[in-house]
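# Secondary and tertiary structure notes
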Amino acid sequence: MTTAVLIHGFSGSPASWRRVEALLDVPSHAPAVCGHGGESPPAISKGSASFEAEVDRLAAVVEAEVPAPRLVVGYSLGGRLALGLLVRHPDLFLGAALIGANPGIADDRERAERREADGTWARLIEERGLSAFDREWSRLALFASQARLAPEALEEQRRIRLGHRRAALVSAMRTLSLGAMPDFRPFLPAIRCPIELIAGSLDTKFSALARQMAGLLPAATVHIVDGVGHNVPLEAPSRLARLLNDSAIAYDT
């Protein structure tokens with residue numbers, strides 16, 4: 001049976017998938033991204049980490065802990081890491097579901113600007129702490145649609161953010177920034193496995209990115225989830241679970 005490998009977004013944790021996992025018809029495994037939820041891996045602590053090194057670390061975790069066949073599912077930062085896994089370790093997975101994923105920045109100046117912007121977030125965490133970060137991060141227009149969610153769902157997300165170690169999350173922000181990752185667009189035509197590209201209809205930027213990526217990938221399907229913003233796992237867990245169940249069943253038949 002196919003196992004779904006679930007990779008969370010920035011400032012999330014494996015627990016961020018709890019509502020989705022409860023509705024899956026297949027086994028799942030949710031690894032923690034480095035810098036999230038506990039002690040940082042040595043590479044992060046020594047300042048020698050890179051986006052590619054985290055991709056390779058996750059690949060080693062998956063190979064050691066998750067039996068084949070596997071489906072990789074990533075949300076936001078997790079989607080970028082999942083894409084890196086498909087590029088750097090193409091034999092690990094039968095397919096993928098990328099949710100609110102960005103394939104990278106091609107322009108050097110834009111990449112540098114993004115790295116500086118994420119550096120500002122890192123300094124906010126360093127200087128003002130996790131509570132201030134949670135407050136400002138939650139106010140981003142990207143997450144405006146979450147205002148309609150039940151208070152308990154938002155409080156659970158807040159507890160997850162506040163449960164990280166400040167220094168580890170700062171390192172993760174700098175190491176795994178969109179400005180620090182490679183531009184994966186040139187590699188998309190070589191990815192042969194089926195990929196589900198998922199975005200919320202209220203998240204117009206990432207809906208457009210999903211359609212752009214679909215034009216470069218040989219076997220991609222775009223799913224736009226109506227009435228939902230960027231964080232589809234949080235805002236529409238049941239609808240996301242149905243999509244993932246359909247994908248996993250297809251691999252098992």
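Rules and cut-offs
- Residues numbered from 1 in each chain as written.
- Predicted model: local features only at pLDDT ≥ 70, side-chain atom pairs only at ≥ 80, totals over all residues.
- Heavy atoms only, no water.
- Helix = DSSP H or I, 4+ residues; strand = E, 2+ residues; numbered from the N terminus.
- Rg over C-alpha atoms; globule rule 2.2 N^0.38 Å.
- Areas by Shrake-Rupley, 256 points an atom, 1.4 Å probe, with all protein chains shown as cover.
- Lys, Arg positive; Asp, Glu negative; His and termini not counted.
- Charge placed at Lys NZ, Arg CZ, Asp CG, Glu CD.
- Contact = heavy atoms within 4.5 Å.
- Salt bridge = Lys/Arg side-chain N within 4 Å of Asp/Glu carboxyl O.
- Buried < 20%, exposed > 50% of the residue type's maximum accessible area, 1.4 Å probe, protein only.
- Phe/Tyr/Trp six-rings, centres within 6.5 Å; stacked < 30°, edge-to-face > 60°.
- Axes fitted to C-alpha atoms, helices over the stretch in contact; angles between N-to-C directions.
- Parallel < 35°, antiparallel > 145°, perpendicular 65-115°, else oblique.
- Nonpolar A, V, L, I, M, F, W, Y, C, P; charged D, E, K, R; others polar.
- pLDDT = per-residue confidence, 0-100.
- Core = buried A, V, L, I, M, F, W, Y, C linked by side-chain atoms within 4.5 Å.
- Pairing = 2+ DSSP bridges.

What follows deals with the overall build of the chain. From N to C terminus, the chain includes 11 helices and 6 strands. Against the 2.2 N^0.38 benchmark of 18 Å for 253 residues, the chain shows a C-alpha radius of gyration of 17 Å, consistent with a compact globule. With respect to the three principal axes, the spread of C-alpha positions in the chain is 50 × 40 × 35 Å. For the chain, the accessible area works out to roughly 11,000 Å², and carbon and sulfur atoms hold 52% of it. Here the chain contributes 28 positively and 29 negatively charged side chains, and the mean placements of these two sets differ by 4 Å.

Right, let's talk about the environment of serine 247 for a bit. Relative to the elements of secondary structure, serine 247 occurs in helix α11 (residues 237-252). Between the C-alpha atoms of serine 247 and alanine 236, which are 11 residues apart in sequence, the distance is 17 Å. The residues contacting serine 247, other than those within four sequence positions of it, are Leu71 and Glu196.

Our next topic: the pattern of salt bridges. Scanning all chains against the criterion turns up 13 salt bridges. Close ionic contact of arginine 123 with glutamate 116 constitutes a salt bridge, the shortest N to O distance being 3.1 Å. We classify arginine 123 as partly exposed; its relative accessible area is 32%. What emerges from the salt-bridge pattern is a single network uniting Asp134, Glu155, Arg158 and Arg161.

Now for the packing of aromatic side chains. One pass over the full model with this rule turns up 8 aromatic pairs. Residues tryptophan 137 and phenylalanine 143 carry aromatic rings whose centres are separated by 6.1 Å and whose planes lie at 45° to one another, so their mutual orientation is tilted. Phenylalanine 143 matches tryptophan 137 in its accessibility class, with the two residues each being buried.

Time to look at the packing of helix α5 (residues 108-128) against helix α8 (residues 166-175). Packed helix pairs are characterised by how far apart their axes lie and by the angle those axes make with each other. Orientation of α5 relative to α8, taken along the N-to-C sense of each, is 175°, at an axis distance of 9 Å. Considered as vectors, α5 and α8 are oriented roughly antiparallel to each other. Contacts between α5 and α8 involve Asp118, Gly119, Trp121, Ala122, Arg123, Ile125 and Glu126 from the first element and Arg166, Leu169, Val170, Met173 and Arg174 from the second. By residue class, the composition of the contact of α5 with α8 is 6 nonpolar, 1 polar and 5 charged.

A word on the confidence of the model for the chain. Residue-level pLDDT values for the chain average 94, and 94% of them are 70 or greater. Low pLDDT (under 50) marks residues 39-48, which in the prediction has 15 contacts with non-local residues, meaning those over four places away or in another chain.

Counting residues in each nonpolar core, the largest one holds 71 residues, and the members touching the most others are Ile7, Trp17, Leu98 and Ile195. Beyond its immediate chain neighbours, meaning those up to four positions away, tryptophan 17 contacts Leu6, Ile7, His8, Ala30, Val73, Tyr75, Ile99, Pro233 and Leu240.

All right, on to the sheet that holds strand β3 (residues 70-75) then. Spatial strand order, β2-β1-β3-β4-β5-β6: 6 strands in an open sheet with parallel pairing. The open sheet has two edge strands, β2 (28-29) and β6 (220-225), and neither has a second partner. The sheet contact formed by strand β1 (residues 3-7) and β3 spans 5 bridges and is parallel. Each residue of the ladder has a partner; that of alanine 4, found in β3, is leucine 71. The strands that helix α4 (residues 77-88) touches are β1, β3, β4 (95-99) and β5 (195-200); relative to β3, the one it contacts most, it runs at about 140°.

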